[in-house]
Amino acid sequence: MPKILIVLTGSDHWTLNDGTKHPTGFWAEELLAPMEVFSDAGIDVDLASPGGTTPVVDEGSLDPGTIGEEESAKQRRALDALADRLASTLVLADVDLDSYDAVFVPGGHGPMEDLAVSEDLGRVLVSMIDGGKVVSSVCHGPAALLPARRDDGSWLFAGRNLTAFTDAEEEQAGLADKAPWLLESRLREAGATFSSGEAWAPFVVVDDKLVTGQNPASSTEAAQKVVGLLTA
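Note that this is a predicted model, so its numbers are computed, not measured.

Q: A description of the overall build of the protein should follow, citing residues and the corresponding values.
A: From N to C terminus, the protein includes nine helices and 11 strands. Relative to the compact-globule value of 17 Å for 232 residues, the protein shows a C-alpha radius of gyration of 16 Å, a close match. Summarising its shape, the C-alpha atoms of the protein cover approximately 45 × 40 × 35 Å along the three principal directions. Residues classed as buried in the protein amount to 52% of the 232 residues present. Of the contacts made within the protein by residues no fewer than 6 positions apart, 74% connect residues no fewer than 24 positions apart. Here the protein displays about 9900 Å² of accessible surface, and carbon together with sulfur accounts for 46% of that area. Taken together, the 16 basic and 38 acidic charged side chains of the protein have centroids lying 4 Å from each other.

Q: A description of the pairing of strand β11 (residues 210–213) should follow, citing residues and the corresponding values.
A: Here β11 shows no split at all, with L210 and T212 on one side and V211 and G213 on the other all buried. Where strand β7 (residues 134–138) lies against β11, four bridges are found, and the strand directions are parallel. Directly across from V135, in β11, lies its bridge partner L210. The turn linking strand β10 (residues 204–207) back onto β11 is made up of two residues, and D208 within it adopts a positive phi angle of 60°.

Q: Tell me about the packing of aromatic side chains, and please be specific about residues and values.
A: Within this structure, the stated rule accounts for three aromatic pairs. Taking 5.7 Å as the distance between ring centres and 80° as the angle between the ring planes, the aromatic pair formed by F38 and F104 counts as edge-to-face. Of this pair, F38 sits in helix α1 (residues 28–40) while F104 sits in strand β6 (residues 102–105), and the two are 66 residues apart along the sequence. Using a relative accessible area of 0% as the deciding quantity, one classes F38 as buried. Ring geometry for W155 and F157: centres 5.8 Å apart, planes at 70°, overall edge-to-face. F157 carries the same exposure label as W155, and that label is buried. The lysine or arginine in question, R186, covers the ring of W181, its NZ or CZ lying 4.4 Å from the ring centre.

Q: An account of the layout of surface pockets is needed here, citing residue identities and associated values.
A: Its boundaries defined by the atoms lining it, the largest pocket holds a volume of some 370 Å³. Around the largest pocket sit 19 residues that line it, and W27, G60, S61, W200 and P216 are the ones nearest its centre. Those elements giving two or more residues to the lining of the largest pocket turn out to be β3 (21–23), α1 and α2 (64–67). Counted by class, the lining of the largest pocket contains nine nonpolar, seven polar and three charged residues.

Q: Would you mind going over the nonpolar core in detail, with residue names and values included?
A: Across soluble globular proteins, nonpolar side chains show a tendency to be buried alongside one another. In this structure, L125, F157, L162 and L187 are the most contacted members of the largest nonpolar core, which totals 41 residues. If one sorts the elements of this core by residue count, helix α6 (residues 119–130) sits on top with six residues. Other than its neighbours up to four places away in sequence, F157 contacts L125, I129, V135, L145, A148, L162, G191, A192 and L210. Formed by 29 residues, the second largest nonpolar core is a distinct cluster that contains I6, V37, V57 and A102.

Q: Pulling in residues and values, what's your account of the sheet that holds β7?
A: Strand order in the open sheet formed by seven strands is β5-β4-β1-β6-β7-β11-β10, with mixed pairing between adjacent strands. Each edge of the open sheet is held by one strand with a lone partner, namely β5 (90–91) and β10. Docked against the sheet, helix α9 (residues 219–231) engages β1 (3–7), β6, β7, β10 and β11, running at close to 175° with respect to β7.

Q: Explain the UniProt feature "domain: DJ-1/PfpI" (unreviewed entry) in the protein to me, and be specific about the residues and the numbers.
A: In the numbering used here, UniProt assigns the feature "domain: DJ-1/PfpI" (unreviewed entry) to residues 28–227. Annotated as 37% helix and 14% strand, the span residues 28–227 places its first and last C-alpha atoms 20 Å apart.

Q: Tell me what's going on with the side chain of D114, and back it up with residues and numbers.
A: Its location among the elements puts D114 in the loop between α5 (110–113) and α6. Within the buried core, D114 has no salt-bridge partner, and the shortest N-O distance to an opposite charge, that of K21, equals 13 Å. For D114, the side chain forms a polar contact with the main-chain nitrogen of S11, separated by 3.3 Å. In this structure D114 touches T9, G10, S11 and P50, once residues within four positions along its chain are discounted.

What counts and what doesn't
Residues numbered from 1 in each chain as written. Predicted model: local features only at pLDDT ≥ 70, side-chain atom pairs only at ≥ 80, totals over all residues. Heavy atoms only, no water. Helix = DSSP H or I, 4+ residues; strand = E, 2+ residues; numbered from the N terminus. Rg over C-alpha atoms; globule rule 2.2 N^0.38 Å. Buried < 20%, exposed > 50% of the residue type's maximum accessible area, 1.4 Å probe, protein only. Contact = heavy atoms within 4.5 Å. Areas by Shrake-Rupley, 256 points an atom, 1.4 Å probe, with all protein chains shown as cover. Lys, Arg positive; Asp, Glu negative; His and termini not counted. Charge placed at Lys NZ, Arg CZ, Asp CG, Glu CD. Pairing = 2+ DSSP bridges. Phe/Tyr/Trp six-rings, centres within 6.5 Å; stacked < 30°, edge-to-face > 60°. Lys NZ or Arg CZ within 6 Å of the ring centre and 35° of its normal. 1 Å grid on protein atoms, 1.4 Å probe; cavity = no way out; pocket = protein on both sides within 12 Å on 5 of 7 lines; lining within 4 Å. Points joined across faces, edges and corners; volume = space filled by probe spheres on them. Nonpolar A, V, L, I, M, F, W, Y, C, P; charged D, E, K, R; others polar. Core = buried A, V, L, I, M, F, W, Y, C linked by side-chain atoms within 4.5 Å. Axes fitted to C-alpha atoms, helices over the stretch in contact; angles between N-to-C directions. UniProt positions renumbered as here; feature names shortened; annotations may be inferred. Salt bridge = Lys/Arg side-chain N within 4 Å of Asp/Glu carboxyl O. Polar contact = N/O pair within 3.5 Å; in protein donor to acceptor, adjacent residues only side chain to side chain.

Here it is in structure tokens:
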């Protein structure tokens, strides 16, 4: 059976323009929904992070006022069940990539702090793409695509069709004016062919074996597309 490496941010904050540290981490739905899809498909998953640190959930992703008390409680139970695995993530730099058929990167603002500049992750993505394997990410997770550069300095995903959390969504979320940079803009500047759907609605782009989702609501569909590629 295929095996997937999920790479999680190791950061519990995002440094804003004024130097303050906005509390964050990974977005719960963007980890839990794909893991459920992968589990249902009988696909094994390992968790990794930079340095093998214990990833922290963004508490905003569990806000009962946003997702409802029942869903919040359900996701907290799921995270409790994952606690041991989260506390023992693989060290990204030490991962044996031959063991995996796909890499999946959930979002949350955490990746904007660490994965966006992770040389280790950049090397992982180059190896996966060159090996004909699947690379997938949702929401702010595509920040992880930015450090993937070849030896000549060219960006691995230049010209590729993809999506991510949009500048408009960042504005609606209230952080755009405080952000040191915006993900959609940075991906466009890097050379991506960026597209998006309605704000906060599911939207997924598949370009060969690159699968990206726009926002938290896109998590399940993106994971389903990954399963489709792996089982085709």
